[in-house]
Amino acid sequence: MTLILAVTMLDALTRAQARFYASHHFAEVFADITRAPLSLVGRLQRLPGVNLIEARVGGPVRLTVSDFTDPVRGQLVSIPDGRQPTLNRLHLLAGQLPMAGREDQVVASDAFAAAHGLVPGDHVEAIIDGRRTRLTLSGIALSPEFLYQAGPTDLVPDYRRYAILWMNQTSLADAYGMEGAFNQLSLTLQAGADREGVIDALDVALARYGGTGARTRHDQPSHRFLEEELDQQRAQATILPTVFLLVSVFLLHVVMTRLIGTQRRQIALLKAFGYRDSELARHYAGLALLIVLLGWALGVGLGAWSARWMAGLYAEYFRFPEMRFPIPLWALGLSLLLAGLSALAGAGRAVWQAVSAPPAEAMRPPAPRRFRRTWLERSPLRHALGSEGRIVLRHLGRQPAKTALSVTGIALSAGLLMMGAWQIEALDRMLDRQYREILRMDIELTFNNPTPQRALGELRHLPGVLVVEPWRRVPATLIHGHRQYRTALLGLEAIPRLRPIVDAAGTARPLPAEGLVLTRYLGEWLGVEVGDLLEVAIMEGHRRHASLPVAALVDEPVGVGAYLRRERLNRLMREGPAIGGAWLLIDADHREALITALDELPAVASIGVMDEAERGVRRYLDETLQVFALVFVSLAGSIAFGVIYNNARISFAERARELATLLVLGYTRAEVSRILLGEIALLGALAILPGWAFGAGFCALLSEGFSSDLFRIPLLFTPRIFGLSALGVILASGLVGLLMLRRLWRLDQVAVLKAPE
Amino acid sequence: MENDRDVVLATRGLTRHYRMGEVTIQALRGVDLELHRSELIVMLGASGSGKSTLLNILGGLDRASSGTVHYGDSDLTHASQRQLTTYRRHHVGFVFQFYNLIASLTARENVAMVTDISRDPLTPEAALSRVGLEGRLDHFPSQLSGGEQQRVAIARAIAKRPSLLLCDEPTGALDSHTGIRVLEVIETLNRESDTTMAIITHNAVIGEMADRVIHLRDGRVEGITVPTRRRRASELQW
Ligand SMILES: Nc1ncnc2c1ncn2[C@@H]1O[C@H](COP(=O)(O)OP(=O)(O)O)[C@@H](O)[C@H]1O
Ligand SMILES: [Mg+2]
């Protein structure tokens, strides 16, 4: 079921992505520049490997929507006057494109419009390059470029606070002072073109126009995030079902062994009648397959249903025009094949043992049971044990292999439970760390352009501002050997307080005077160690190269980054003490007033409110990964219950006679129940420790599978994680205990004793 | 006739029917019976005549459909499950055709299961030496012969010093030699104690060792005979 769930989800997303990309001509290479004349486009078109090319104007915008006080950030993107663009076409959901010649008309992104209940004809206020303008919505659309629309500092989308607006090229160029020029470029490649070659050629051609380096889809934010999400689905689609399958193979084996154990005599009888081994083997294999087939059908049903449900949740974050859920045929086949194989593997040995015994031997009851005193009885504990305790211990001690199997089964399911609990808990911890320890600011301001440091004084005097801390961010490519990674250098104060560099112990550390601090994941990916020299290609202004030593690696759970002192970055950029933005700590009572005041500042390109961002991330994770984890925990819980129940049921049948005898001897049912419950409790208790060990292993596997440059789920184990796994076993044991009590109360002592042994 | 004080157990008009879907099986059709203190009774009857049904009701394992059962002054007919359990725990010992020992416990521990919960028991060792198994205290059931296992079962039944020892076909699963050895044990115990003992069997020969033989047929007492000469178990033959 998990396989179907994960695979169907994955398939639905992948297909929706591919379909949408193809039908709307999603570009393959993107480039931003400061300003270049439109005449350049013709020349670039002739670069070898370039297929379609389109230039446009785009830039940040701040918006106000009536009845909504928080700042809304957005991106303005130009489209040819009154026409669809050639690349990154819009998928109009309502209204129409702006009419040629209309300066005030825009098409708004669907998610933003939906979040505010905007329809064509409604108005929004915009501050474009410092000037306030009133815009009219002519239409609402989706774009392959913005399937996933998160602001530059957000991790997950916040559609109420982030908008994409498309506007006629002439009007937008006018607003930004870009007449006859462009600052964004998209293109597709000819089949078989050398992608790197094209990018290099573009970079050379665009360098003198302030190019920040051409990017492939891999570095395009929406595409990137979607891919990450799909990667995680992929990890889940492989790791989880594998673990589950192994566990179920094991369980099936236990069930079949016991089932066939009880049928030894029938098997022998059939053999005595002349049935062939192969015919019997076929019969039992058939039985195992039947069990599996039923389970599989149920699993497919449940899997498909929950995949649809979960994909519905994802649809809110990834805006696809359509999403279909055919269960991929190969997944159906694969899951059936795996389940069938696992059944045969599980049942195979048991069947073989039963079938291969000579009939005369199998007719005899199993060898007389040999009991021993267990080691525990020789210990000082023996007085506390009592007769019931002795019965339980010897029963379990008689068949150590069987007991070990049962304990392993329960432990495996406890491990699965722990894995689910860990997912929930560790994600929460990850966010706590990110938002409580690392991102301590309340508000992140980004300026339109690098700004002199004295702007800080002005910020400090705004109402409600408690602390101001500047930063400077410069896009750069980090290069080590043949590995390179596009990111940004973040210039911080010597001891950043609103965005501390936190070591593993949780204490903030000062930034080294020289050199870079890298997120450990990035450092490992690049293959650098502390002390190595890293080549840095600055992608802004004059595109310099520099070599910087790696001064430290830090563990940060979310994102990757390269940090250095701001003066160092300023020196690298050969600029004065410029800042790109500032972080604020504010007095919550003045929040509204402050945001209004910030809105009035023309230099501010965007205002990011951190607690909104955090809330968004948490909601996103709650609705996606956490749901999966919950489904998972309930599955693991039912497996735990299944194992324990099956075990107790067989044990009950094996000793119904003894229980009846005790009743006849004058034991009350309550006294007798101690034996049953004692055994269940003992098995459960024995399973908890190894269960934790399995769990830790599963978690490590999953943590590894989930690690990406977007986030790493820390492999941490809190008492709650252990507790939840133990609690699951205890609850399942308790439930089974109740069921067994019911059986005991219904046990007909007389009938049982009349039957021969 | 004997004194009323010596009556341990008395039944009046005891019936028991089993309902199996549409059919009702009359297992007992009105049994009037008195068991006296320290006597050895053999209940004789063909298979299906209702012997086990009667014994189970006398021992508080089952309830009559109508009629009454009195143990001394107490009425078992209307006793609760809990009261029946207490009755069994303190006053009744059972021996079955199949020994029903707990396989994971030694002979001594099997007996201790009973002595742990009774009021004035023999020690497990004493009970086992009464049945001649003092040398087998620490053997597990699987290490004992059938006859020995049955003697452990008897030791377990008498360890609580019951007023009533009820044996349902105690020799049924044993060959004649071992069976007689088991009967000898019961006979000796009967002689040395006040316990009333009832042995169920379809083997008429065993009746020769009884104080009284109760003949059952189709769920009714067909007659009660007193053997002219009570024989020693060791003299029996079949
Ligand atoms: N639990 C039961 N359900 C239905 N019929 C029963 C049950 N126990 C006994 N009987 C029936 O009652 C009759 C008497 O049985 P039982 O007392 O066991 O005879 P005996 O011990 O003399 O062989 C038989 O006909 C038997 O089939
Ligand atoms: Mg009988």
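Residues numbered from 1 in each chain as written. Chains lettered and ligands numbered in written order. Predicted model: local features only at pLDDT ≥ 70, side-chain atom pairs only at ≥ 80, totals over all residues. Heavy atoms only, no water.

Kindly report on the side chain of Glu39 of chain B, identifying the contributing residues and their values.
All names here are of chain B. Mapping Glu39 onto the fold places it in the loop between strand S2 (23-36) and strand S3 (40-44). We classify Glu39 as buried; its relative accessible area is 7%. Only 2.7 Å separates the side chain of Glu39 from the backbone nitrogen of His36, close enough to count as a polar contact. The contacts of Glu39, once residues within four sequence positions are left out, are Glu34, Asn190, Thr195, Thr196, Met197, Asp211 and Arg212. (Helix = DSSP H or I, 4+ residues; strand = E, 2+ residues; numbered from the N terminus. Buried < 20%, exposed > 50% of the residue type's maximum accessible area, 1.4 Å probe, protein only. Polar contact = N/O pair within 3.5 Å; in protein donor to acceptor, adjacent residues only side chain to side chain. Contact = heavy atoms within 4.5 Å.)

Tell me about the site of ligand 1, and please be specific about residues and values.
Around ligand 1, the structure places 13 residues, and the nearest of them are Gly48, Gly50, Lys51, Ser52 and Thr53 of chain B. The environment around ligand 1 is built from residues contributed by chains A and B. At 3.2 Å, a backbone N or O of Ser49 of chain B approaches an oxygen atom of ligand 1. Contact distances for ligand 1 include 2.7 Å between an oxygen atom and a side-chain N or O atom of Ser52 of chain B. The fraction of the free accessible surface of ligand 1 (550 Å²) that becomes covered by protein chains is 68%. Those elements that provide at least two residues to the shell around ligand 1 are strand S1 (7-20), S2 and helix H1 (51-58) of chain B. In terms of residues, the shell around ligand 1 owes the most to one element, H1 of chain B, which gives three residues. (Near = heavy atom within 4 Å. Areas by Shrake-Rupley, 256 points an atom, 1.4 Å probe, with all protein chains shown as cover.)

If you had to explain the UniProt feature "transmembrane region" (unreviewed entry) in chain A to someone new, which residues and values would you point to?
Residues and elements named next belong to chain A. UniProt records the feature "transmembrane region" (unreviewed entry) for residues 239-260, 281-307, 327-347, 404-424, 625-645, 680-701 and 721-741 in the present numbering. Along residues 404-424, the helical share is 100% and the strand share 0%, with 30 Å between the first and last C-alpha atoms. Taken end to end, residues 680-701 is 100% helix and 0% strand, and its first and last C-alpha atoms sit 30 Å apart. (UniProt positions renumbered as here; feature names shortened; annotations may be inferred.)

Lay out the confidence of the model for chain A with the relevant residues and their values.
Confidence along chain A averages 79 in pLDDT terms, with 79% of residues attaining 70 or more. A low-confidence stretch, residues 362-368 of chain A (pLDDT under 50), is modelled with 11 contacts involving residues beyond four sequence positions or located in other chains. (pLDDT = per-residue confidence, 0-100.)

Before we move on, can you summarise the packing of helix H13 (residues 400-438) of chain A against helix H18 (residues 610-623) of chain A with the specific residues and values?
For any two helices packed against each other, the geometry is given by the interaxial angle and the distance between the axes. All names here are of chain A. Close contact between H13 and H18 brings their axes to 11 Å; oriented N to C, the two are set at 170°. It follows that H13 is roughly antiparallel to H18 by the angle criterion. Contact residues: H13 offers Leu427, Asp428, Leu431, Asp432, Tyr435 and Arg436, while H18 offers Met610, Ala613, Glu614, Val617, Arg618 and Leu621. (Axes fitted to C-alpha atoms, helices over the stretch in contact; angles between N-to-C directions. Parallel < 35°, antiparallel > 145°, perpendicular 65-115°, else oblique.)

Provide a residue-level description of unusual backbone geometry, including the pertinent values.
All names here are of chain B. Unusually for a residue other than glycine, Ser38 sits at a positive phi of about 65°. Following the sequence through the fold, Ser38 ends up in the loop between S2 and S3. Taking relative accessible area as the criterion, Ser38 reaches 28% and is therefore assigned partly exposed. Here Glu169, not a glycine, exhibits a phi torsion of approximately 50°, which is positive.

Which residues make up the nonpolar core, and what values do they have?
If you look at the biggest cluster of nonpolar residues, it comprises 87 residues, and the most contacted ones within it are Leu662, Ile713 and Leu747 of chain A. Top contributing element to this core by residue count: H13 of chain A, with 17 residues. Inspection of this core shows a minimum of three residues originating in each of domain 2 (388-440 + 611-757) and domain 3 (465-586) of chain A. Within the second largest apolar cluster, 39 residues are counted, among which are Leu40, Ala153, Met197 and Leu236 of chain B. (Core = buried A, V, L, I, M, F, W, Y, C linked by side-chain atoms within 4.5 Å. Domains from an automatic or database assignment.)

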